[in-house]
Amino acid sequence: MLPPPPRRVPPLGPRKMTPRQRVFAQWRGMDLAPLEQAQAQRARPVSAVLPRVLSDLRIDRRRAEAEVLKVWNNLLDPAIVAHAQPTGLRKGTLFVAVDSSVWLSEIVRYRRKEILDRLQHSFGRDFIAKISFRVG
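Residues numbered from 1 in each chain as written. Predicted model: local features only at pLDDT ≥ 70, side-chain atom pairs only at ≥ 80, totals over all residues. Heavy atoms only, no water.

**Here we look at the overall build of the protein**
1) Next: If you tally the helices and strands in the protein, you get 6 helices and 3 strands.
2) Next: Shown N-terminal to C-terminal, the secondary structure of the protein runs as helices and strands in the order α-α-α-α-α-β-β-α-β.
3) Next: Computed over the C-alpha atoms, the radius of gyration of the protein is 32 Å, more than 25% above the 14 Å expected from 2.2 N^0.38 for a compact globule of 136 residues.
4) Next: The principal-axis extents of the C-alpha atoms in the protein amount to approximately 95 × 50 × 25 Å.
5) Next: Sorting the 136 residues of the protein into buried and exposed places 21% on the buried side.
6) Next: Nonlocal contacts in the protein, meaning residues at least 24 apart in sequence, comprise 52% of its contacts between residues at least 6 apart.
7) Next: By element, 57% of the accessible surface of the protein is carried by carbon and sulfur atoms, the whole surface being about 11100 Å². (Helix = DSSP H or I, 4+ residues; strand = E, 2+ residues; numbered from the N terminus. Rg over C-alpha atoms; globule rule 2.2 N^0.38 Å. Buried < 20%, exposed > 50% of the residue type's maximum accessible area, 1.4 Å probe, protein only. Contact = heavy atoms within 4.5 Å. Areas by Shrake-Rupley, 256 points an atom, 1.4 Å probe, with all protein chains shown as cover.)

**Overview of the packing of aromatic side chains**
1) Next: Applying the stated rule across the entire model yields 1 aromatic pair.
2) Next: When the ring of Phe 123 is compared with that of Phe 127, the centres are 5.5 Å apart and the planes differ by 35°; the resulting orientation is tilted.
3) Next: A residue is classified by how much of its surface remains accessible, and Phe 123, at 22% relative accessible area, is partly exposed. (Phe/Tyr/Trp six-rings, centres within 6.5 Å; stacked < 30°, edge-to-face > 60°.)

**As for the sheet that holds strand 1 (residues 84-90)**
1) Next: Spatially, 1-2-3 is the arrangement adopted by the 3 strands of the open sheet, whose pairing is mixed. Either end of the sheet is taken by a strand with one partner, and the two such strands are strand 1 and strand 3 (130-135). Averaged over all neighbouring strand pairs, the angle between strand axes comes to 25°, with direction disregarded.
2) Next: Across 6 bridges, strand 2 (residues 93-98) lies against strand 3 in parallel orientation. Bridge assignment links Leu 94 to a residue of strand 3, and that residue is Ile 131.
3) Next: Across the sheet, helix 4 (residues 59-75) is in contact with strand 1, strand 2 and strand 3; its angle to strand 1 comes to roughly 155°.
4) Next: In the packing of helix 6 (residues 101-123) onto the sheet, the strands contacted are strand 1, strand 2 and strand 3, and the crossing angle to strand 3 comes to about 160°. (Pairing = 2+ DSSP bridges. Axes fitted to C-alpha atoms, helices over the stretch in contact; angles between N-to-C directions.)

**Points about the pattern of salt bridges**
1) Next: Within this structure, the stated rule accounts for 5 salt bridges.
2) Next: One salt bridge in this structure joins Lys 70 and Glu 67, with 3.7 Å as the shortest N-O distance. Of this pair, Lys 70 and Glu 67 both sit in helix 4, 3 residues apart, which is roughly one turn of that helix.
3) Next: Overall, the relative accessible area of 47% leaves Lys 70 in the partly exposed class.
4) Next: Classification of Glu 67 by relative accessible area gives partly exposed; the value is 35%.
5) Next: Across the pair Lys 113 and Asp 117 runs a salt bridge, and its minimum N-O distance is 3.1 Å. Of the two residues, Lys 113 and Asp 117 both sit in helix 6, 4 residues apart, roughly one turn of that helix.
6) Next: Of the residues examined, Lys 113 reaches a relative accessible area of 58% and is grouped as exposed.
7) Next: Take Asp 117: its relative accessible area is 32%, and that puts it in the partly exposed class. (Salt bridge = Lys/Arg side-chain N within 4 Å of Asp/Glu carboxyl O.)

**Let's talk about a nonpolar patch on the surface**
1) Next: Taken together, the side chains of Val 46, Leu 50, Val 53, Leu 54 and Leu 57 present a nonpolar region at the surface, about 410 Å² in accessible area.
2) Next: Looking at the element boundaries, Val 46 is found in helix 3 (residues 46-57). (Patch = residues over 30% accessible without salt bridge, like charges linked within 9 Å, V, L, I, M, F, W, Y side chains within 5 Å.)

This is how it looks when you write it as structure tokens:
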């Protein structure tokens, strides 16, 4: 029986440079091939990275909250806007801070339905399902 052929052992050390890499190394005065390879492996297209970045920053949520604030300031009575401002939007509930308990009582008793109807007309019933008013 014949012995098995010897296994090929890859050479240790850096790979042999291509003519292009040699020319660039001579021109630069140093070999940047390992650095270029490391950067090439990490490079990804923007289209692959951008959705993740936007979701991490919660851009959609912030844009929606800014839009609610803009509509709030333009759509409602200036007297209400002067004393109550939206502070956040979570799971269909719009949270509104009111500057005094007197205005809180006025808004909750007489204006809540009107405000909710106007906002739902602008954004839809799914986006703003209810409003929570608090003194703050």
